[in-house]
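# Working through the structure, step by step
As a plain string of letters, each chain reads:
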Amino acid sequence: MKQIDRLRALGLFDSRVPRYTSYPTAPVFSTAVGAAFQKAQLAALDPAVPVSVYIHIPFCERLCWFCACRTQGTQTLSPVESYIGTVEKELSLIADILPKGLRMGRLHWGGGTPTILPPALIHRLAQSIKSAIPPTADWEFSVEIDPTMVDRDKIAALAKEGMNRASIGIQDFDPEVQTAIGRIQPFDVTAACVADLRAAGIHSLNTDLVYGLPHQDATRIADTVDKVLTLAPDRVALFGYAHVPWVAKRQKLIDDTALPGDETRYHLAELAAKKLQSAGFATIGIDHFARPQDGLNLARNSGHLRRNFQGYTDDHCPTLIGVGASSISRFDGGYVQNAAATAAYIQRIEAGDLAGTRGHQLTPIDKMRARAIEMLMCDFRLDRSELQHRFGPQTQQLTAALKAVTATYGDLVTLTDDALTIEPEGRALTRIIASAFDAHKPEGVRYSQAS
Ligand SMILES: C=Cc1c2[nH]c(c1C)Cc1[nH]c(c(CCC(=O)O)c1C)Cc1[nH]c(c(C)c1CCC(=O)O)Cc1[nH]c(c(C)c1C=C)C2
Ligand SMILES: C[C@H]1O[C@@H](n2cnc3c(N)ncnc32)[C@H](O)[C@@H]1O
Ligand code: SF4
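Treat the numbers as computed from the prediction; the structure is a model and nothing was measured. (Residues numbered from 1 in each chain as written. Chains lettered and ligands numbered in written order. Predicted model: local features only at pLDDT ≥ 70, side-chain atom pairs only at ≥ 80, totals over all residues. Heavy atoms only, no water.)

## Considerations on the UniProt feature "domain: Radical SAM core" (unreviewed entry) in the protein
The UniProt entry lists residues 45–282 under the feature "domain: Radical SAM core" (unreviewed entry), expressed in the numbering used here. Along residues 45–282, the helical share is 39% and the strand share 22%, with 35 Å between the first and last C-alpha atoms. (UniProt positions renumbered as here; feature names shortened; annotations may be inferred. Helix = DSSP H or I, 4+ residues; strand = E, 2+ residues; numbered from the N terminus.)

In structure tokens form, the structure reads like this:
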């Protein structure tokens, strides 16, 4: 049987499984966990261990049709400015709860489009964050940047506040693909943005690409990758297009008859990955690529690669404080998500409450399963010895899933006393194999396809 037919028979094109940016995944969260839990977890943090902070900016000037992110379109700055005021209130509510002396090791601004903020608002927001949670001496500050929504002054303002990493959205450079996803982004505009970022001292630059977009074919994706390589990024994320119009209503504007079929989609991903590998990039997990000396590859090589809501990270802070509408915090005790709709978020904060509305309290078994799934997503290897060492006898609860996976996937996986390893030929199935260890599959949630 051809490799692709074998993967198909094992469910590659039919399975709808999570991306496991967390375990349990966000759709499993319940309203039983909210602001009270959030407050208790914030208060219980160890001031000696730095935290990561995520700030969500849910505004874009243009709304790209393919996008599944939580964001809203705006033509004026007034809702953005008033939102920043609310974020500042949330930060001061949080600061009042945190133990004295706690520091911020990492800061990430995501969206939406953080670069919709003019320089004065960039400065104001950064100062408010730093006064709520002062940064460590070696802190890292990364920002998601839309090359069509940024200029030198904004980049200078971000750099002045300490931005040292940046991630730019590209998706695809082909004009027909860009038209079909409602996102026009000329190459020269993107190249000028990259030049400005490098001139501002950014040492780690990521580019986001997407495969499986309407009208994409082998020639077009190859050309996109060639153009990206001329930009010399340090990292490339290559996401599979998630067509979920029942979640992201704007995707109804996408002509689904122009979407590549399953096999084409698979070959597009393979082609882009091979080109990146030939150009010297190391493969990181299921959908990232990094230069050998980049922190992501160093983390992978030393077993310190982790999964977070942005994808893969070398961040080692155990706690993530999510600020802004829909942001998710991760604490030792569990996850809390702020009210997702911007209006509901604003109402909560302006009333003087924290905005947590959904979440999940982690049991010891959840933590073991979370780590098992993270190891598969990051290392393609579930280290049974590590789990045994960290979680003791309860690791026996994974035995049935380990047996089922070996029975189903045959020589695509290898099980020893030490580890379950996904072999290179089986890696396209990683999300599906990881889901065998998921004990929280929600009813009635339709995830995007696994390939
Ligand atoms: C920044 C971009 C993206 C965010 N989510 C997605 C992208 C590309 C993709 C995505 N997330 C979910 C789905 C549907 C299920 C799936 O296919 O896996 C897709 C296509 C699920 C999801 N992820 C988060 C939440 C809260 C949910 C539940 C569904 C929903 O409420 O929309 C977490 C999350 N996703 C993003 C952010 C910023 C975030 C956490 C704050 C953005
Ligand atoms: C933050 C990044 O998320 C990716 N992104 C946004 N929407 C989708 C989607 N529907 N499917 C896959 N990736 C997506 C883009 O590459 C963006 O730059
Ligand atoms: S891809 Fe970026 S700019 Fe486009 S709608 Fe999504 S968040 Fe906004």
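## Section: the site of ligand 2
Near ligand 2 the following residues occur: Phe66, Cys67, Ala68, Cys69, Gln171, Asp208, Val210, Phe239, Gly240, Tyr241, Ala242 and Gln251. Phe66 has a polar backbone atom sitting 2.9 Å from a nitrogen atom of ligand 2. For ligand 2, a nitrogen atom lies 3.1 Å from a polar atom in the backbone of Ala68. Considering ligand 2 on its own, with 400 Å² of exposed area, one finds that the protein chains cover 84% of that surface. Elements with a contribution of two residues or more to the shell around ligand 2: strand 7 (204–211) and strand 8 (235–240). A per-class count over the shell around ligand 2 returns 8 nonpolar, 3 polar and 1 charged. (Near = heavy atom within 4 Å. Polar contact = N/O pair within 3.5 Å; in protein donor to acceptor, adjacent residues only side chain to side chain. Areas by Shrake-Rupley, 256 points an atom, 1.4 Å probe, with all protein chains shown as cover. Nonpolar A, V, L, I, M, F, W, Y, C, P; charged D, E, K, R; others polar.)

## Observations regarding the nonpolar core
Counting 74 residues, the largest nonpolar core has Ile55, Trp109, Leu117, Ile145 and Leu197 as its most contacted members. The element contributing the most residues to this core is helix 3 (residues 78–97), with 7 residues. Ile145 has contacts with Thr115, Val150, Leu158, Met163, Ala166, Ser167, Ile168, Gly169, Cys193 and Leu197, leaving out every residue within four places of it along the chain. Counting 41 residues, the second largest nonpolar core, distinct from the first, contains Leu10, Tyr266, Val405 and Val413. (Core = buried A, V, L, I, M, F, W, Y, C linked by side-chain atoms within 4.5 Å. Buried < 20%, exposed > 50% of the residue type's maximum accessible area, 1.4 Å probe, protein only. Contact = heavy atoms within 4.5 Å.)

## Some remarks on helix 11 (residues 342–350)
All of the buried residues in helix 11 are Thr342, Tyr345 and Ile349. Projected down its long axis, helix 11 carries its buried residues within an arc of 60 degrees, all on one side. Residues of helix 11 that are exposed and point over 90 degrees away from its buried face: Ala343 and Gln347. Residues of helix 11 that are buried in the fold lie against strand 2 (59–60), strand 3 (72–73), helix 3 and strand 15 (334–338). Of the residues flanking the end of helix 11, it is Gly352, one or two places downstream, whose phi is positive at about 90 degrees. (Arc of directions from axis to C-beta.)

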